[in-house]
Amino acid sequence: MSLYSTKEKLGDDWLLIEKVFAAAGADQDETLDIMNLISFLRYRVSSHQLFVILDEEVHKKNIEGQVSRGELHKIIFERKQRTTCSEKIPIFILIWFLPFFYSFSTRLPFIFIALEVQSKERGGELWQVGVILGTYQACRAIANLLIVAFGGKNPFKRLEIIMVSLGLFGWLTMAFYTSTSVWSLFALCGVGLSETILNLQRSVIIETEKESPAGLVDNTIVASRLGLQYAAVSTGSATAYIVGGIAFTWGGFKLTCWLGVISHVGQIIGTLIYLCLSRIDKKKSRKQDLDGHDLFNYTIYQLQAALIISSHADDIARGASDVLASEPQGYTIAAKKAKDNIILTRSLRDMFNRIFTKNEDSKISMEIELNEMKSSHMDGLKSLREDKLADLFPVDTSVVANILVYLMKTRGEKTLNENEFISYWGPRVYLSIFEEAQESTVDTVWPYMKVVVATQAVMALCIGTFLSTALLYYTNRFGMEADSVGVLLGIGELLGMVFILLRRLLAYFLRKISLHKKLSSCAFGAIFSRPLHVPLVLIILSIATMGFTIPHMITAIAFQMLMSSMNDLSVSLLVELTGSSLPADRFKYYHGLGQWLRRLGNTFTGVFGPILFSFNMSFPFLLFGFINFVWTFLVWRLMYLHAKKVELSNNNNDKVNKKKSGGQCFCVSEPFEPFIATMKTPWHVLERQYYSLNKNRIYKALNPSQIAQPDIASLNQCILQMGAALKVERTKRRALEERFYEYICQKQELGDTGMI
C-alpha cells in the first residue's frame, strides 16, 4: 500500500504534499528525486538560494538524494525544533531567567516592610503597614492594567525595559535616601510598577507561535512552558524570602535594598539579550539567509500561490456564480495570521517582484504569468470541473488577467502594488494550507473561563493575607525573627516548585495507568487531571489558610508550608488552564485581567490584613480562607455543567466510547463523571472536539452581538467580486452576440448563393 493511500483521509496537508510531488513530475512512488524537484523549482520559485541549500539539506538525511512524502510533510507542518544556542537562549530567558529575578524583586518587600515600619527608627503602626503594603499591591495591579491597555500585541518589547527601570529606580531611591519617615517607603511604588509577569507569559506564547509554520499555538506546549515558568517564579520567591530575611536581620534595610537593585540589573541584562536575539532572528527572516526549514516553507508557499492563482483564474472564467463564491470562510482570521507570517509574506513579495516588472503593465504581466502556468505542470494539479457554458463561451486569458488585477487592486491606482498582491493572496494561501488546523482552533471564550479568571482575585485573598500578616503573626505569637520567618516562607515556596514538578509526574503516571490498566473511570485520576485539579487545590488552600490559626507552632508551620506550596501550585494550574483553554489572541486580555484582579485581591488584604490583625490575630486568616472555600464550589459547579455538555456531545458523536464509558463506571460519583475522559485525553482537546462538532451553534450562543456586525473588509471584497462578476457576464454576453452575428452572416451568405 502506498504512503498516499494511508493518509488520504487525514486532511488537506497530505493533499498539498501530493501537489508538490505531482508538480515536480513524480508518480505514486514513495520518494522524489531531488534533482527533479530542483529542476522544477528553478523555474517556479523566486529564491535562487534554495538551489544551493536544498540539495545539502536532503543529503544530510538521505545520501541517495531522495525525499519522501513523510519527510516533506514533517518539514512543512511539524513544529520547528530549537537546535542552536541563539534559538534556545530566548526561551530560557523567558521561562527561567527573567521570572526568577522578577519574583525575587517583587517578593522581597514582604519579608521586611512590616518590621521596618514598626522599627525604632521609623516608629510606625500597624495601620501604616497596611497603607504601605496596600499601596504597593495597588501599584502591581496598576502595572497589569497598563499592560492590558497599552501593551499591544507584544507588551514585552513595548513595556519591559520601562517597567523594569521603574523598579530599579524604586530600589535605588530607598538605598540612597536616608530619611527615617515611614512615608519614604512609598518608593516601593516603583517596584510595584515593575510587575512584568504578564509580559513574560505573553512572550512565551509568541515564541511558541513562531515554532509553528501556521503560527498556531500548541496548547500542550504552552501549558507546559507556563508551568515551568511559574516554577521559576516559586524559586525566585523562595530565594527572596530566605536571602532577604537573612540580609534584613544581619545587614539591615540598606543591604536588603541593594539586593533589589541587583535583581533589577539582572532583569535589564536578560531583557536586552532577548531583544537583541529577537531582532537578529527577525532580520534573518527578511534577508536571503533562510535555513533549510524556512526555505522549504518559502517554496511551498509560492507553489501553492501559483496553484491558487491558476484555480482562481478558472473560477473567473466559469462565470459570475464562481466569482461570487470565491471568498473563503475564515478569511478575516486568516488575514491576520498571514500578515504575521514573515516567511509567507516574503515569499509572496518575491513572487510579486518576479511576475510584475516595474516597466510593464500589471495586466500584461498577469496575462503572461497565466499563460506560463497553463504550459507548466501546475495546470494539471487542479481538479477539473466540467462547465458546459465555459466551454461554449470561454473567457479570454487577457480578460481573466484584467479581472484578477481588478480584484487585487483596492486603492484605485493605475498599477498593482506589492501590498495589494500580498493582502489578496496571503489569506488564501494560508487557508489552503492550514485550513484544517484553523477550523479546529477554538476562537471563543467559554463562560466558565470568565469565572476562572475572576478566581484569581478570590484566591489572592489567601496568599495576600500571608504576605501582609504572616510575618506579624510569627513574630507576635511565636517570637520569631525575620530571618527565621524568611526561611520558613522560602521553604514553603520551594515546596511549591516541588509540587508543580510532582504534579506533572503524577499526571503522566495516571495517564499511563489509564491507558494500560484501563482505570479510566477512577475518580482519583479525574481529580488530578485538568481542569478538576484546580478546585481540589483551592479547597486544600482554604483549609491550610484557616488551619494556620491553630495556636501550636509546629502545626502552624506545617499549615503555612502547605498553604505556600498549594498557592504556587494553584497559580500554576490556573495559568495552564487559561493558557490552554483560552484563544491565543484573547489570552493577553483575559490573563491580564486575571492578574489585575489578583493584585486587587492582594491590595485588599494588604490594607485590611494588618488592620484586622490588630483586633484578632486569627481573624484575617479565618475570614479570607472561608471566602475562598465557598467560592471553590461555585467554580466546581460551573466546570461540571460545561464538562457535562462536552461529554454529551463527544459521546453522541462516538457511540463506541459511550458504551465503554457506561460499562467501566464502577467508582465514579456524579460530580466527577463528566471529567473521566480527561485521564486519557487532555481537557483542551476535548473542548476542541466539542467546539468542532457544534461550532456554529456555540458561536451564535456566545457571540450574539457579533453576528450582526458587518466586516468592512469582507464587504469591500464582495463589492469587488460583484464587479468582477459583471465584467465576466459582459464578456460572455459579447461572445454570445458575436456567435449570433457570425451565425446570421453565414446564413445570409448561404441564402445569397442559393444553397438554402
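Residues numbered from 1 in each chain as written. Predicted model: local features only at pLDDT ≥ 70, side-chain atom pairs only at ≥ 80, totals over all residues. Heavy atoms only, no water.

1. Quick notes on the overall build of the chain
Looking only at helices and strands, the chain features 32 helices and 2 strands. Each of the 756 residues in the chain was classed as buried or not, and the buried ones make up 53%. Considering only residue pairs separated by 6 or more positions, the chain has 84% of its internal contacts joining residues 24 or more positions apart. Put simply, the chain shows about 33,800 Å² of open surface, and 62% of that area lies on carbon and sulfur atoms. (Helix = DSSP H or I, 4+ residues; strand = E, 2+ residues; numbered from the N terminus. Buried < 20%, exposed > 50% of the residue type's maximum accessible area, 1.4 Å probe, protein only. Contact = heavy atoms within 4.5 Å. Areas by Shrake-Rupley, 256 points an atom, 1.4 Å probe, with all protein chains shown as cover.)

2. Looking at a nonpolar patch on the surface
On the surface, a nonpolar cluster with roughly 530 Å² of combined accessible area is contributed by Ile246, Trp250, Val487, Ile491, Leu495 and Phe499. With 4 residues, the top contributor of residues to the nonpolar patch is helix α22 (residues 482–516). Mapping Phe499 onto the fold places it in helix α22. Since its relative accessible area comes to 31%, Phe499 is described here as partly exposed. (Patch = residues over 30% accessible without salt bridge, like charges linked within 9 Å, V, L, I, M, F, W, Y side chains within 5 Å. Salt bridge = Lys/Arg side-chain N within 4 Å of Asp/Glu carboxyl O.)

3. Focus: helix α25 (residues 553–581)
Taking 1.5 Å per residue as the helical rise, α25 with its 29 residues ought to reach 42 Å, and the 41 Å between its terminal C-alpha atoms agrees with that figure. The element α25 is extensively covered by neighbouring structure, given that 23 of its 29 residues are classed as buried. (Expected span 1.5 Å × (residues − 1).)

4. Some words on the packing of aromatic side chains
Considering all chains together, one arrives at 30 aromatic pairs under this definition. A centroid spacing of 4.8 Å and a plane angle of 50° characterise the contact between Phe466 and Phe548, whose relative ring orientation is tilted. Of this pair, Phe466 sits in helix α21 (residues 447–477) while Phe548 sits in the loop between α24 (533–547) and α25, and the two are 82 residues apart along the sequence. Each member of the pair Phe466 and Phe548 is classed as buried. Here the aromatic residues Phe466, Tyr473, Tyr474, Phe478, Phe548 and Phe621 are joined through ring pairs into a cluster of three or more. When the ring centre of Phe253 is taken as origin, the NZ or CZ atom of Arg122, which lies over that ring, is 5.0 Å away. (Phe/Tyr/Trp six-rings, centres within 6.5 Å; stacked < 30°, edge-to-face > 60°. Lys NZ or Arg CZ within 6 Å of the ring centre and 35° of its normal.)

5. Focus on the packing of helix α11 (residues 197–210) against helix α26 (residues 584–615)
Here α11 crosses α26 at 165°, and the two axes come no closer than 10 Å. As far as their axial angle goes, α26 and α11 are roughly antiparallel. As for the relative orientation of α11 and α26, their crossing is right-handed in sense. The residues of α26 that touch α11, namely those facing Ile197, Leu198, Gln201, Arg202, Ile205 and Glu209, are Ala584, Phe587, Lys588, His591, Gly592 and Gln595. Considering only residue class, the contact of α11 with α26 consists of 5 nonpolar, 4 polar and 3 charged. (Axes fitted to C-alpha atoms, helices over the stretch in contact; angles between N-to-C directions. Parallel < 35°, antiparallel > 145°, perpendicular 65-115°, else oblique. Left-handed = near helix turned anticlockwise from the far one by under 90°. Nonpolar A, V, L, I, M, F, W, Y, C, P; charged D, E, K, R; others polar.)

6. Some points on the packing of helix α6 (residues 85–107) against α11
Contact geometry for α6 and α11: axes closest at 10 Å, N-to-C directions at 170°. Classified by the angle their axes make, α6 and α11 are roughly antiparallel. Counted together, Ile91, Leu94, Ile95, Leu98, Pro99 and Tyr102 of α6 and Ile197, Leu200, Ser203, Val204 and Glu207 of α11 form the full contact between these two elements. When grouped by side-chain class, the residues that make up the contact of α6 with α11 number 9 nonpolar, 1 polar and 1 charged.

7. Description of the pattern of salt bridges
Scanning the entire structure with this criterion turns up 4 salt bridges. As a salt-bridge pair, Arg140 and Glu195 come within 2.8 Å of each other at their nearest N and O atoms. Taken together, the residues span a long stretch of sequence, with Arg140 in helix α8 (residues 126–150) and Glu195 in the loop between α10 (188–192) and α11 at a distance of 55 residues. The class of Arg140 is buried, set by a relative accessible area of 1%. The exposure class assigned to Glu195 is buried, which follows from its relative accessible area of 0%. Here Arg346 ties to Asp350 by a salt bridge, and the two come within 3.9 Å at their closest N and O atoms. Taken together, the positions of Arg346 and Asp350, both in helix α16 (residues 342–355) and 4 residues apart, correspond to about one turn of that helix. Like Asp350, Arg346 is buried.

8. Observations regarding the confidence of the model for the chain
With 69% of its residues at a pLDDT of 70 or more, the chain shows a mean pLDDT of 76. When pLDDT is averaged over each element of the chain, helix α9 (residues 155–176) comes out on top at 92 and helix α1 (residues 3–7) at the bottom at 38. Contacts of residues 655–668 to residues separated by more than four positions or lying in other chains number 17 contacts, the stretch itself having pLDDT below 50. (pLDDT = per-residue confidence, 0-100.)

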